[in-house]
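Now for the letters of each chain:
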Amino acid sequence: MNKLANSTSPYLLQHANNPVNWYPWGPEALQKAKDENKLILVSIGYSACHWCHVMEHESFEDEAVAGVMNEYFVCIKVDREERPDVDQIYMSAIQLMSGRGGWPLNCICLPDQRPIYGGTYFRKNDWTSLLFNLADFYKTKPEEAEDYAVRLTEGIKQYESVAFVTEQPEYTKADLETILTTWRRYIDPVEGGFGGAPKFPMPNNSLFLMRYAHLMKDDGLAENVKLTLKKMAFGGIYDHIGGGFARYAVDGVWHVPHFEKMLYDNAQLLGLYAEAHTWNPDPLYKTIADEIITFVSRELTSPENGFYSALDADSEGKEGKFYIFTKFEIEEILGDDADLFNIYYHVTEDGNWEEEHSNVFFRREEDAELADKLGLTVDELTSRINTSRTKVLDARGKRVRPGLDNKILASWNGLMLKGLCEAYRAFNKPEYLELALKNAEFIISNLLKGAKLSRVYKKEGNSGVATFLDDYANVTDGFIALYEVTFNETWLIQAQKLADYALAHYYDKEGGVFFYTADNDEMLIARKSEMMDGVIPASNSVMARNLKKLGLFFDNEAYLEVSAQLLRNIVPHLAKYSTAYSNWTILLLDEVFGIYEVAITGNNAETKRIETEQNYIPNKIMLGGTDGSLPLLAEKFNNETRIFVCRDKTCGLPAYNVADALKQINN
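A short tour of the structure in this document, coming up.

### Brief notes about the state of the cysteines
Think of a disulfide as a covalent bridge from one cysteine sulfur atom to another cysteine sulfur atom. Tallied over the entire structure, the rule returns two disulfides. Note that C49 is cross-linked by a disulfide to C52, the S-S spacing being 2.3 Å. Linking C49 and C52, the disulfide has an S-S dihedral of approximately 80 degrees and is accordingly described as right-handed. Take C49 and C52: they sit in the same class, and that class is buried. Disulfide partner of C646: C651, at an S-S distance of 2.0 Å.

This is the structure:
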């Protein structure tokens, strides 16, 4: 076994028996490269990554390929989910070199970690040839290698950087309309979502468009958001048997998934469908949200109530094998009910997937439309389909399961905590809140010491992995959401402590942005800031929105100014590449339309909170209860239950029912 044998990362352990002399990222490997003047080969991936498995099998398990790697390079394996800071550096390098990125990510570096070449997946022969060429290049032309490393490292430092903007602009609806002009080019009017193949859910993009459509009264955009939500829920990217979404669809119609299922996608999609139900009540949204929670509870929840990271795409060495069925298999499981099931999910004899006779389940018709076509009532159709789904789930459960990445990450747990709070906010199901509270207690007990978070939970103690801005941003966001559905100030105070720690150790006052790494953690070749929103919103945009809310909750001008500075810096970029800044643009929406501070006080505060939440007000914060110390609650408690609607440091007259409070918002 190589040097990965003692790792705790499931991804690194997958490579512990490779003939490659892998090292984990750390002082031993980095010093060895310097001492022996060897190039460093940094190979980055994650446990649920299909093409990472393919490259491992083709190249890293091959004795001859491993011999080349071991002779000429110091080989380092990195779990991108444990060390996103390392991934961020070398992903920037790959994108600067090739204009694209992804995993596996393979980067060749000088002995001092500066990159000179890289790419993603390589076939075995191409990989071996590349390694020989790079080793020869470094030996015969070290000056050229040095020159290239200098230029590439400078590019890495500038990548995603933004200028400090001092003057506070006036934000208007016209700014939002300009941003949407660019955005509309990427919207798919037929299949929903953005662009062609592959199709990624991008939940935060849909969340922004939904809020924009509502606040700007854009009916056409609203219809496209509804189309996207329906197409994703009907498509094969959604697991119709067990619940939960795969990471993306390889085609442009949401049909064939890349079968890995990630916590971060499902956490955000849970929040999206929950909020969408308040915006546009649709039973489909409620079903999807409930099934995501069921899936996460069943398959991604630890005994300690932390949430695991992912399920692999592969089982028994084949992508998707756990999830696909032949028509014959369905007939064996369901008997007389197979015909209806096969019509509903488009199962055919030939199959609808690349493997012969295999089917990925997907829907096309609405239940009412199909029931009418088949001469059934809707209730009869859905009852029979649900019974069949349970039988197929039971049969599937007897198969060899995909690998589980049982890492518990602070950042992704924060996302799931928020998703559960959004679901409870929308549907008022006590079990959602119960799961959220259990997870929050898990975070407090196992990932938090004082105000310092641990990124990765290990039963045997702190993993030693550095903690990054996304951990603080997303856990803070989760705690704020938990306060808003419980009115328990403990959670808001915890959120404030985390935000204060992030300001102390990650914020750059001169640049007006947060660094991704702390000032008291390992220094890499560049200290980067994460500014662009991707599948997960950028840690800077999440912190900007957190600080805006905390500034209002605690009447703290310092928080509000940092949030305003972050937005000032990024606004010049929003119209150029708008789809990469969706979370920032949600913050801009809040600036243009204002944020309503809805304080509900008195013995029936919880009842009024539930009633208020049934109305779609995306630009609000909620506070109150039977007591509280927040500045906005001062002198607002008496024997009566009252609702105060405040904005821009001004509160309206107290309302005694929700209808009157809503008049103050809608006028």
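### What to know about empty space enclosed by the protein
Summed over the entire model, instances satisfying the criterion amount to four cavities of 30 Å³ or more. By volume, the largest cavity is sized at about 620 Å³. Taken together, 38 residues line the largest cavity, and the ones lying closest to its centre are L207, R211, E275, K418 and E422. Of all the secondary structure elements, the ones that give two or more residues to the lining of the largest cavity are α9 (203–215), α11 (263–279), α17 (410–427), α19 (469–486), α21 (539–553), α23 (582–593) and β22 (620–625).

### Some words on the sheet that holds strand β3 (residues 73–79)
Across a sheet, paired strands are connected by hydrogen bonds in the backbone, their directions being either parallel or antiparallel. Strand order in the open sheet made by the five strands is β1-β3-β2-β4-β5, with mixed pairing throughout. Across the chains shown, the open sheet's two edge strands, defined by having one partner strand only, are β1 (23–24) and β5 (115–119). Bridge analysis of β1 against β3 gives two bridges, and the strand direction is parallel. Its bridge partner being in β3, Y23 is matched across the sheet by I76. Helix-sheet contacts for helix α4 (residues 63–72) involve β2 (39–45) and β3, and the interaxial angle to β3 is about 105 degrees.

### What to know about the pattern of salt bridges
Taken as a whole, this structure holds 47 salt bridges when the rule is applied. A salt bridge links R83 to D85; the shortest N-O distance between them is 2.9 Å. For the pair R83 and D85, a shared accessibility class is recorded, and that class is buried. Between E366 and K230 there is a salt bridge, and its shortest N-O distance comes to 3.0 Å. One end of the pair, E366, is in the loop between β13 (358–359) and α15 (367–374); the other, K230, is in helix α10 (residues 219–234), and 136 residues separate them in sequence.

### Observations concerning the packing of α9 against α23
Contact geometry for α9 and α23: axes closest at 8 Å, N-to-C directions at 20 degrees. Between α9 and α23, the crossing angle belongs to the class labelled roughly parallel. Between α9 and α23 lies a crossing of left-handed hand. Judged by residue contacts, N204, N205, L207, F208, R211, Y212 and L215 of α9 engage S582, N583, T585, I586, L589 and F593 from α23.

The rules we used
Residues numbered from 1 in each chain as written. Predicted model: local features only at pLDDT ≥ 70, side-chain atom pairs only at ≥ 80, totals over all residues. Heavy atoms only, no water. Disulfide = S-S within 2.5 Å. Buried < 20%, exposed > 50% of the residue type's maximum accessible area, 1.4 Å probe, protein only. 1 Å grid on protein atoms, 1.4 Å probe; cavity = no way out; pocket = protein on both sides within 12 Å on 5 of 7 lines; lining within 4 Å. Points joined across faces, edges and corners; volume = space filled by probe spheres on them. Helix = DSSP H or I, 4+ residues; strand = E, 2+ residues; numbered from the N terminus. Pairing = 2+ DSSP bridges. Contact = heavy atoms within 4.5 Å. Axes fitted to C-alpha atoms, helices over the stretch in contact; angles between N-to-C directions. Salt bridge = Lys/Arg side-chain N within 4 Å of Asp/Glu carboxyl O. Parallel < 35°, antiparallel > 145°, perpendicular 65-115°, else oblique. Left-handed = near helix turned anticlockwise from the far one by under 90°.

Limitation: the analysis is restricted to geometry and does not speak to function.
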